[in-house]
Amino acid sequence: MDISHFVNITSRAWAVPILSSLHEGVAGRQAPLLTATGASRSAFAQSIEHLIKMGLLERNPGHGHPLRPEFRLTKAGQAAASLANRIHIASKNEDQNLLRRSWSIPILTSLQRPRYFNEIKRDLSTITDRALSQSLKAMETRHWVRRSVNDAARPPRSLYETINFGSKISQITCTEINIPAK
């Protein structure tokens with residue numbers, strides 16, 4: 001999977017939990033998915049529509065019978081759901097809020113090795129400096145990312161690397177997400 005495609009998937013807060021729930025076998029109907037994810041109805045609907053537009057979910061043409069799902073994973077959606085499920089299984093409840101933020105998982109994916117701020121920004125071309133800075137600070141506070149300063153560089157530069165839970169997520173995504181070499 002391409003990093004820009006992955007960024008697009010994670011741009012909706014509930015996309016990863018929905019994909020993970022479907023992978024775990026939760027029925028593809030609104031009520032069971034709402035219960036499994038804990039999303040609000042409006043956020044859930046936006047995430048479902050987003051996943052449909054991306055081609056990861058489709059509406060079931062045979063829906064109408066109470067036991068038939070409304071939504072089902074497409075072939076491309078099955079691979080994304082498998083990755084989402086591995087991320088979900090590795091995380092704890094207290095990690096979910098930060099993981100649902102738009103840039104957390106893509107940044108951790110970019111940090112498969114220690115990187116400077118601008119290297120991360122190059123990988124995630126649509127991220128703003130402010131969003132990257134705030135996300136890195138939030139993950140540093142949670143001890144998912146460690147920041148060190150390279151004093152030998154002029155001007156001094158901050159180097160970021162994953163630690164603890166951040167390393168775990170980075171390792172999970174590293175085999176699935178292609179980051180172009182620069």
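Note: the structure precedes this text.
Rules and cut-offs
- Residues numbered from 1 in each chain as written.
- Predicted model: local features only at pLDDT ≥ 70, side-chain atom pairs only at ≥ 80, totals over all residues.
- Heavy atoms only, no water.
- Salt bridge = Lys/Arg side-chain N within 4 Å of Asp/Glu carboxyl O.
- Helix = DSSP H or I, 4+ residues; strand = E, 2+ residues; numbered from the N terminus.
- Buried < 20%, exposed > 50% of the residue type's maximum accessible area, 1.4 Å probe, protein only.
- Contact = heavy atoms within 4.5 Å.
- Core = buried A, V, L, I, M, F, W, Y, C linked by side-chain atoms within 4.5 Å.
- Arc of directions from axis to C-beta.
- Phe/Tyr/Trp six-rings, centres within 6.5 Å; stacked < 30°, edge-to-face > 60°.
- Lys NZ or Arg CZ within 6 Å of the ring centre and 35° of its normal.
- Axes fitted to C-alpha atoms, helices over the stretch in contact; angles between N-to-C directions.
- Parallel < 35°, antiparallel > 145°, perpendicular 65-115°, else oblique.
- Nonpolar A, V, L, I, M, F, W, Y, C, P; charged D, E, K, R; others polar.

Novice: Summarise the pattern of salt bridges; cite the residues concerned and give the values.
Specialist: Tallied over the full model, the rule gives eight salt bridges. One salt bridge in this structure joins glutamate 49 and arginine 59, with 2.2 Å as the shortest N-O distance. Of the two residues, glutamate 49 is situated in helix 4 (residues 41-53) and arginine 59 in strand 1 (residues 57-59); the sequence distance between them amounts to ten residues. Ionic pairing is found between arginine 115 and aspartate 123, a salt bridge with its closest N-O pair at 2.7 Å.

Novice: Give a description of the environment of serine 110 that names residues and reports values.
Specialist: Residue placement: serine 110 occurs in helix 7 (residues 104-110). When its relative accessible area of 1% is taken as the criterion, serine 110 is described as buried. For serine 110, the contacting residues outside a window of four places in its chain are Arg115, Ile120, Asp123 and Ile179.

Novice: Mind laying out the nonpolar core, listing which residues take part and the relevant values?
Specialist: With 50 residues, the main nonpolar core has Leu19 and Ile107 as its most contacted residues. Top contributing element to this core by residue count: helix 5 (residues 75-90), with six residues. Every residue in contact with leucine 19, bar those within four places of it in the chain, is listed here: Ile9, Leu51, Leu56, Leu73, Gly77, Ala80, Ala81 and Ala84.

Novice: Tell me about helix 1 (residues 3-10), and name the residues and values.
Specialist: Every buried residue of helix 1 is listed here: Ile3, Phe6, Val7, Ile9 and Thr10. One side of helix 1 holds all its buried residues, which, seen down the axis, span an arc of 160 degrees.

Novice: How would you explain the packing of aromatic side chains if you had to name every residue and give the values?
Specialist: Geometry of an aromatic ring pair is reported as the spacing of the ring centres plus the angle between the planes. Applying the stated criterion to the full structure yields one aromatic pair. The ring of tyrosine 116 is capped by arginine 157, whose NZ or CZ atom sits 3.7 Å from the centre of that ring.

Novice: Residues and numbers for the packing of helix 2 (residues 15-24) against helix 5, please.
Specialist: When two helices pack together, their arrangement is given by the angle between the helix axes and by the axis-to-axis distance. Following both chains from N to C, one finds helix 2 and helix 5 inclined at 100 degrees, their axes separated by 7 Å at the closest point. As summarised for this structure, helix 2 and helix 5 are arranged roughly perpendicular, according to the angle between their axes. Counted together, Val16, Leu19, Ser20, His23 and Glu24 of helix 2 and Gly77, Ala80, Ala81, Ser82, Ala84, Asn85, His88 and Ile89 of helix 5 form the full contact between these two elements. A class-by-class count of the residues in the contact of helix 2 with helix 5 yields six nonpolar, six polar and one charged.

Novice: Break down unusual backbone geometry for me, citing the residues and quoting the values.
Specialist: That bond from arginine 154 to proline 155 is cis: its omega, -10 degrees, falls within 30 degrees of zero. The residue histidine 143 is not glycine, and still its phi comes out positive at about 65 degrees. At asparagine 164, a residue that is not glycine, the phi angle is positive and equals roughly 50 degrees. Along the chain, asparagine 164 falls in helix 10 (residues 164-174). Overall, the relative accessible area of 56% leaves asparagine 164 in the exposed class.

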